[in-house]
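Below are the chains, spelled out letter by letter.
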Amino acid sequence: MYSIIDTHCHLDIIQEQGQDIAESVKKAKESGIKKIVQIGIDLESSIRAKGLSEKFSDEEIEIFYSIGCHPTETHEFPKKEEILTLVKENVTDQKLSAIGEIGLDYYHDASTKAYQADVLHSFLEASSQYSLPVVIHSRDAAEDTVSILKEHRDKAFGVIHCFTYDYPTAKKLVDLGYYISFSGILAFKNARDIQEAAEKLPLESMLIETDAPFLAPPPFRGKRNEPSYTKFVLEKMFSLRKESNAQVEKTLYNNSLKFTQRKAYHHD
């Protein structure tokens, strides 16, 4: 059995789609998942994420959480200060692993670009203030994402979750000190750009995740995703890397452990 950390999932949304959180956690344990990061996407889900970390962590599995404001949740943007206050109130809670997810999403609504950027800057400033990593969502916004993160270079830090761009973009982000996290998309047949990034990046700069219940890897593509499927992302990574499977597994686990402990990826 592998030792794995699912660095990004939504247990609450999995439950909304039909599988109880207790069942998701049970299956995760059985597949070798040692830790899960439950992601907040708005004020309500961030509060809920903290509760889930308290309820479902035990001696077999540890549930961390994040506090965030997803860029597609523009109706939550007026609650930015409340969400930032929630971060401040919980900064001493070691189960709080990150601020996020936050970021830019031009796929769903490009008309709110300026608003999204303003909110993102606020949370990046909080990353610097509280020494908490950020979980960055970036869709159809590679250039602006790099540009904004560059403005906060050597202050904010974190991970680009569910990476969907190409190797040159990944290299720019890693050079800024960010981890790159790969989801089930890595195992899609047509994901060649993403696979090239996974092949060429330093192994120490990468994490894996499910983003469950979204983006289930083969052989479950198109179905509901869950943390226990993280192993399929890991196995795809084995096929792409030159290192031994044992080294890939160990390094990805250690990278993910560092992330949950609020430590940055430090490039040479």
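Rules of the game
- Residues numbered from 1 in each chain as written.
- Predicted model: local features only at pLDDT ≥ 70, side-chain atom pairs only at ≥ 80, totals over all residues.
- Heavy atoms only, no water.
- UniProt positions renumbered as here; feature names shortened; annotations may be inferred.
- Helix = DSSP H or I, 4+ residues; strand = E, 2+ residues; numbered from the N terminus.
- Buried < 20%, exposed > 50% of the residue type's maximum accessible area, 1.4 Å probe, protein only.
- Contact = heavy atoms within 4.5 Å.
- Polar contact = N/O pair within 3.5 Å; in protein donor to acceptor, adjacent residues only side chain to side chain.

A.B. asks: Run through the UniProt feature "binding site: a divalent metal cation 2" (unreviewed entry) in the protein chain, naming residues and quoting values.
C.D. replies: Under the present numbering, the feature "binding site: a divalent metal cation 2" (unreviewed entry) in UniProt falls on His137 and His161. Considering the C-alpha atoms alone, the annotated residues occupy 25 residues of sequence yet fold into one spot, their largest mutual distance being 5.9 Å. Take His137: it is sitting in strand β5 (residues 134–139). Since its relative accessible area comes to 13%, His137 is described here as buried. Residues contacting His137, with those up to four places away along its chain left out, are His70, Pro71, Glu101, Ile102, Gly103, Leu104, Asp105 and His161. A distance of 3.3 Å separates a polar atom in the side chain of His137 from a polar atom in the side chain of His70. Tracing the chain through its elements places His161 in the loop between β6 (158–160) and α7 (167–175). The residues touching His161, leaving out its near neighbours within four places in the chain, are His8, Glu101, Val135, Ile136, His137, Ser181, Glu209 and Asp211. Engagement of the side chain of His161 in a polar contact is seen with the side chain of Glu101, the distance being 3.0 Å.

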